[in-house]
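Spelled out from the first residue to the last, the chains are:
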Amino acid sequence: MHRRTFLALGVAGAALVAGAAHAADPVRIGFSIAQTGLFAQAAPSQMTAYEMWRDEVNAAGGLDVGSEQRAIEFVWYDDESNPTKAAQIYEKLITDDKVDLLLAPWGTPTHLAVAGTLEKYGFPMVGNTAASVAIRQVAPGNIWFPTSAIPDKIGPALAALARSTGVTKAAIIANVLPFSQENLEYLVPALGAEGIEVVINESYPPDIADMTTLLTAIKDSGADGVIALSYPADSFLYMGQAKEIGVAAPFQFLLVGPTIAAFADAFGPVADNVVTLGHWSPHQAAWGRAKPFYDAYVLSFGMKPDYLDTALAYMSCEILQQAVAKAGLDKDALRATIASETFDTINGPVKFDGVENAITPTAFLQLQGGEMHLIWPADVATAAYKPR
Amino acid sequence: MTPRAGIAAGAALALAGAVPWLVGPYGLTIALNAAMWVALTVSWSILGGTAAYISLGHVAFYGLGAYVVVTSWQVLPLVVAVPLGGLVAGAFALTIGWPVLRVRGPYFVILTLGIAELVKYAVLNVEAALGASSRLLFGVPDNRTLYLATLGLAVLAIIVAALVRRSRLGAGLVAVREDEVTAETIGVPIGRYKVFAFALSAVIPGMVGGLMALRSAYFEPLQVFNPVISFTIVTMAVVGGAADARGPILGALLLVVVSELLWANAPQGYMIALGVLLIGFVVFAPGGITGALARPRP
């Protein structure tokens, strides 16, 4: 070897070693996304929150892992909307890709399927888009749920809200899918306790294409409150057909769907004053991080965030970021920190009791003039309830 | 089976049985997938491969088996619940078999697909009425146990399928495929044969469904009765070549490998590759891998 070449190699080698010592490796964060399959339409609301968070953190110099700042790198796979596949992916992320941290997949079934894998490897993860009484059956310690939308709390809160708006006769229609049915189970007795008469209580199939029979019956029943325990597709169907048929109840509630930006875009004034499930609004001034998040999101993606899923996904990133800044990447320290600390999020302070968020109240939103306002409970409300 | 083939089969079985001790946890999940698909596809071929009655409803049997295991969880021991799931699936196939197997070709395909959807929505409504719309199972067996049980079912499926093919029943079913009217005319009891084979092809998928419910430790009807499971079974059988006993095994293993290689790197590419593979085989090699290998070259 020529002497000059040898020297050059030596210099290059020294530079490499020096470089490696300075530039810390990125923190690798793994998750699965429902890129294809049944939940594919829901995935972007979550993915955009993750991407925005990563870009913000990286632009600010990286993730604070206790002693240093390291860039975030995502390792993610498509779980085909299949919870079993998601559980396998998290096993791969932990054992094969050896990621440093995990973010959550989309939806209740997927969270519950992944919970077993987290338990097996003792890997902590902050969940987001899962809401079911079943989450309380999950052993606490490796998964936490920031949502406050849990059916046994929604039922009584919704009945109290309906009563406060003057509802005396309620018509309920419910999708047969799990989240709707769980809500139905707790709602009916709660309405009874509030002295509200249930005049219609019907369930419908998940792929319903025509609600006119149900809606005509509702119109004829004289109900002054309509509670549709709906999923996104049927919320869109309800809104369109309720207008055609002329359902005029002053209180109209749709379970899941109106928080998606496309809903307000699609219906405009027709959807005004519809009430829905949600615990976050950018209009709550007490939550200092809420409005900046909203503005940055609209700027980045040219649309409004999903008030439920995007907010929850972003909250889970904030909680993880603050926990890692305190505990570093050590799993035991991280677990103890997430379980005990109070975190400052776009939804205000969050603290966990077992697997549940112990601070954020179960709340409801109302679409008022294209803006989502919190109307219940009074201590977080950003606007007063308006009848339709 | 020639002595050499016997040795090869024994070696393959020994290797498959040793997998939990040879690979890591992620490798084991892939092996579990492979064993599951082999068991399902080979069972399907008991009727689909011999008589060419293409059932697009096998997920109903898989789902019923899962439902039995889930509803009897912590009531019945698993050694009872899993076989019971298989029996319930078999009994259901026997019940629907009489009317359903009276139609052929595309009518049979669509009818089985429809029945599977019917069962899915029936279970969904029962679950909704019970107020138990999603169920979690705690304390399920580990993956090693589940893999060995599923492997056992795959081997059992292969043995049953091979025995059927060699029996009078198998010969009768092949006669049905070649010319159902002639077969009936010369005295093959086609009704009885078809129904029996249909029920037989449902039992093992029922048990596999039970094991897979334990694997995911979570039960939700839309997931467990997902028709994509039926489509995948048929795709694997077509790619491998359902007319040959080895075809369903090869097809299942090939697609598990292709899926592993592709999904992680190109999730959209996986679905495209699957479509191309299916079209390619149907157009250029309708006999599947085994059919293409067996055909004398011009």
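Since this is a predicted model, take the numbers as computed values, not measurements.

### Quick word on the pairing of strand β10 (residues 225-229) of chain A
Residues and elements named next belong to chain A.
Line of reasoning, step 1. Of all 5 residues making up β10, 5 are buried, and the element is well covered by its neighbours.
Line of reasoning, step 2. Where burial is concerned, the two faces of β10 agree: the one with G225, I227 and L229 and the one with V226 and A228 are both buried.
Line of reasoning, step 3. Across 5 bridges, the pairing between strand β8 (residues 169-175) and β10 is parallel. Within β10, the residue paired with A170 across the bridge is G225.
Line of reasoning, step 4. With 4 bridges joining them, β10 and strand β11 (residues 251-254) adopt parallel strand pairing. Note that in β11 the partner of G225 across the bridge is F251.
Line of reasoning, step 5. For the crossover from β10 across helix α8 (residues 232-245) to β11, the handedness is right-handed.

### Considering the pattern of salt bridges
For side chains of opposite charge, pairing can occur when their charged atoms come near one another.
All names here are of chain A.
Line of reasoning, step 1. Per the stated rule, a full pass over the model turns up 19 salt bridges over all chains.
Line of reasoning, step 2. Two residues, K304 and E371, come together in a salt bridge whose shortest N-O distance is 3.7 Å. In this pair, K304 sits in the loop between α10 (290-301) and α11 (309-327) while E371 sits in strand β17 (residues 371-376), placing the two residues 67 residues apart along the sequence.
Line of reasoning, step 3. One network of salt bridges, in which partners are shared, links R136, D152, K153 and E356.

### Some points on the packing of aromatic side chains
Line of reasoning, step 1. Evaluation of the coordinates by the stated rule reveals 19 aromatic pairs over all chains.
Line of reasoning, step 2. Relative to Y50 of chain A, the ring of F31 of chain A has its centre 4.9 Å away and its plane inclined at 70°; by these criteria the two rings are edge-to-face. Taken together, the residues span a long stretch of sequence, with F31 of chain A in strand β1 (residues 27-33) and Y50 of chain A in helix α2 (residues 43-59) at a distance of 19 residues.
Line of reasoning, step 3. The exposure class of Y50 of chain A is buried, given its relative accessible area of 0%.
Line of reasoning, step 4. An aromatic cluster is defined as three or more aromatic residues linked by ring pairs; in this entry it consists of W280, F293, Y297, F301, Y307 and Y314 of chain A.
Line of reasoning, step 5. The ring of Y26 of chain B has K92 of chain A lying over it, and the distance from NZ or CZ to the ring centre is 5.1 Å.

### Regarding helix α5 (residues 105-130) of chain B
All names here are of chain B.
Line of reasoning, step 1. Compared with an ideal rise of 1.5 Å per residue, which puts 26 residues at 38 Å, α5 spans 38 Å between its outermost C-alpha atoms and is within 8% of the ideal.
Line of reasoning, step 2. Residues F108, T112, I115, A116, V119, K120, V123, L124, E127 and A128 constitute the buried set of α5.
Line of reasoning, step 3. G131 occupies a position one or two residues after α5 and carries a positive phi of about 70°.

### Structural notes on the packing of helix α5 (residues 151-164) of chain A against helix α6 (residues 178-193) of chain A
All names here are of chain A.
Line of reasoning, step 1. At a minimum axis separation of 8 Å, α5 and α6 run at an interaxial angle of 45°. Between α5 and α6, the interaxial angle falls into the category oblique. The interaxial crossing formed by α5 with α6 has right-handed handedness. Residues P151, D152, I154, G155, P156, L158 and A159 of α5 pack against F179, E182, N183, Y186, L187, A190 and L191 of α6.
Line of reasoning, step 2. In the contact of α5 with α6, the residues fall into 10 nonpolar, 2 polar and 2 charged.

### Let's talk about the domain arrangement of chain A
All names here are of chain A.
Line of reasoning, step 1. Once the domains are mapped, chain A shows domain 1 (27-148 + 286-357) and domain 2 (151-277 + 363-376).
Line of reasoning, step 2. Between domain 1 and domain 2, the C-alpha centre-to-centre distance is 29 Å.
Line of reasoning, step 3. In this complex, domain 1 contributes 13 residues to the contact, which on the side of domain 2 involves 15 residues.
Line of reasoning, step 4. In total, about 1200 Å² of surface goes out of reach between domain 1 and domain 2, with carbon and sulfur atoms giving 53% of it.
Line of reasoning, step 5. At the junction of domain 1 with domain 2, the criterion picks out 3 salt bridges.

### Considerations on the environment of V114 of chain A
Residue and element names in this part refer to chain A.
Line of reasoning, step 1. You can see V114 is positioned in helix α4 (residues 108-121).
Line of reasoning, step 2. When its relative accessible area of 0% is taken as the criterion, V114 is described as buried.
Line of reasoning, step 3. Between the alpha carbons of V114 and I89 there is a distance of 8.9 Å; along the sequence they are 25 residues apart.

### Here we look at unusual backbone geometry
Line of reasoning, step 1. A cis geometry characterises the amide bond from W376 of chain A onward to P377 of chain A, with omega recorded as -5°.
Line of reasoning, step 2. Structurally, P377 of chain A can be placed in the segment after β17.
Line of reasoning, step 3. Phi angles above zero are rare outside glycine, and Q74 of chain B is one such case at about 65°.
Line of reasoning, step 4. Topologically, Q74 of chain B is positioned in the loop between α3 (59-71) and α4 (78-100).
Line of reasoning, step 5. With a relative accessible area of 65%, Q74 of chain B lands in the exposed category.

### Some words on α4 of chain A
Residue and element names in this part refer to chain A.
Line of reasoning, step 1. The end-to-end C-alpha separation of α4 is 20 Å, in line with the 20 Å expected for 14 residues at 1.5 Å each.
Line of reasoning, step 2. Of all 14 residues that make up α4, 10 are buried, and the element is covered over most of its length.
Line of reasoning, step 3. Among the residues of α4, T108, P109, T110, H111, L112, A113, V114, A115, T117 and L118 are the ones counted as buried.
Line of reasoning, step 4. Looking at the residues trailing α4, positive phi occurs at G122, about 60°.

### Observations concerning the interface of chain B and chain A
Line of reasoning, step 1. With 26 residues of chain B at the contact, the number on the chain A side is 34 residues.
Line of reasoning, step 2. Of the roughly 2500 Å² buried at the junction of chain B and chain A (both faces included), carbon and sulfur atoms supply 63%.
Line of reasoning, step 3. The largest contributions to the chain B side of the interface with chain A come from Y26, Q223 and W263 of chain B, which together make up 22% of the buried area.
Line of reasoning, step 4. The interface formed by chain B and chain A includes 0 salt bridges.
Line of reasoning, step 5. Taken together, the connections running from chain B to chain A amount to 2 residue pairs in polar contact (both at pLDDT 80 or more).
Line of reasoning, step 6. Only α2 (25-48), α5, α8 (190-216), α9 (221-224), α11 (247-263) and α12 (267-284) of chain B provide two or more residues apiece to the side of chain B that touches chain A.

### Quick word on the nonpolar core
Residues and elements named next belong to chain A.
Line of reasoning, step 1. In this structure, W53, L63, L101, L102, L103, Y238 and W280 are the most contacted members of the largest nonpolar core, which totals 108 residues.
Line of reasoning, step 2. Both domains that meet at this core, namely domain 1 (27-148 + 286-357) and domain 2 (151-277 + 363-376), each give it at least three residues.
Line of reasoning, step 3. Setting aside residues no more than four positions away along its own chain, L102 makes contact with I29, G30, Y90, L93, I94, L118, F123, M125 and L320.

### Brief notes about the side chain of N357 of chain A
Residues and elements named next belong to chain A.
Line of reasoning, step 1. Looking at where N357 falls in the secondary structure, it is placed in strand β15 (residues 356-357).
Line of reasoning, step 2. Of the polar contacts made by the side chain of N357, one reaches the side chain of T360; its length is 2.7 Å.
Line of reasoning, step 3. Ignoring any residue separated from it by four or fewer positions in sequence, one finds N357 in contact with F145, P146, T147, V350, K351 and F352.

Conventions we followed
- Per-chain numbering applies: the sequence of each chain, read as written, is numbered from 1 onward.
- Just so you know, chain letters begin at A and ligand numbers begin at 1, following the order they were written in.
- Predicted model: local features are reported for residues with pLDDT of at least 70 only, side-chain atom pairs are reported and counted for 80 or more only, and whole-chain, interface and lining totals are derived from all residues.
- Hydrogens and waters are ignored; side-chain quantities use all the structure's heavy atoms.
- Relative accessibility decides the category of a residue: with a 1.4 Å probe and only protein chains considered, values under 20% of the type maximum give buried, values over 50% give exposed, and everything between is partly exposed.
- A run of H or I in DSSP becomes a helix once it reaches four residues, and a run of E becomes a strand once it reaches two; helices and strands are each numbered from the N terminus.
- Two strands qualify as a pair provided DSSP detects at least 2 bridges between them.
- If you view a crossover with the strands going away from you and the path from the first strand over the helix to the second runs clockwise, you call it right-handed.
- Any carboxyl oxygen of Asp or Glu that lies within 4 Å of a side-chain nitrogen of Lys or Arg is treated as forming a salt bridge with it.
- Only Phe, Tyr and Trp rings are paired, with Trp represented by its six-membered ring, and only when their centres lie within 6.5 Å; those with planes under 30 degrees apart are stacked, over 60 edge-to-face, the remainder tilted.
- Look at NZ for Lys and CZ for Arg. If either is within 6 Å of the ring centre and within 35 degrees of the ring normal, a charge sits over the ring.
- By this rule the span expected of a helix is its residue count minus one, scaled by 1.5 Å.
- Every angle, taken between N-to-C directions, lies between 0 and 180 degrees, and every axis is a line fitted to C-alpha atoms, over only the stretch in contact when it is a helix.
- Between 65 and 115 degrees an angle is taken as roughly perpendicular, under 35 as roughly parallel, over 145 as roughly antiparallel, and anywhere else as oblique.
- Two helices cross in a left-handed way if the nearer one is turned anticlockwise from the farther one by less than a right angle. They cross in a right-handed way if the turn is clockwise.
- Here, residues are in contact when the closest pair of their heavy atoms is within 4.5 Å.
- Classification convention: Asp, Glu, Lys, Arg as charged; Ala, Val, Leu, Ile, Met, Phe, Trp, Tyr, Cys, Pro as nonpolar; all other residues, Gly among them, as polar.
- In this entry, domain limits derive from an automatic or database-based domain assignment.
- We define buried area as the total accessible area lost by two parts upon association, computed with a 1.4 Å probe and summed across both.
- Definition of a polar contact: a pair of N or O atoms within 3.5 Å, with one able to donate and the other able to accept a hydrogen when the atoms are protein atoms, and with sequence-neighbouring residues admitted only if both atoms are side-chain atoms.
- Nonpolar core, defined: a set of buried Ala, Val, Leu, Ile, Met, Phe, Trp, Tyr and Cys residues in which side-chain atoms within 4.5 Å join the residues together.

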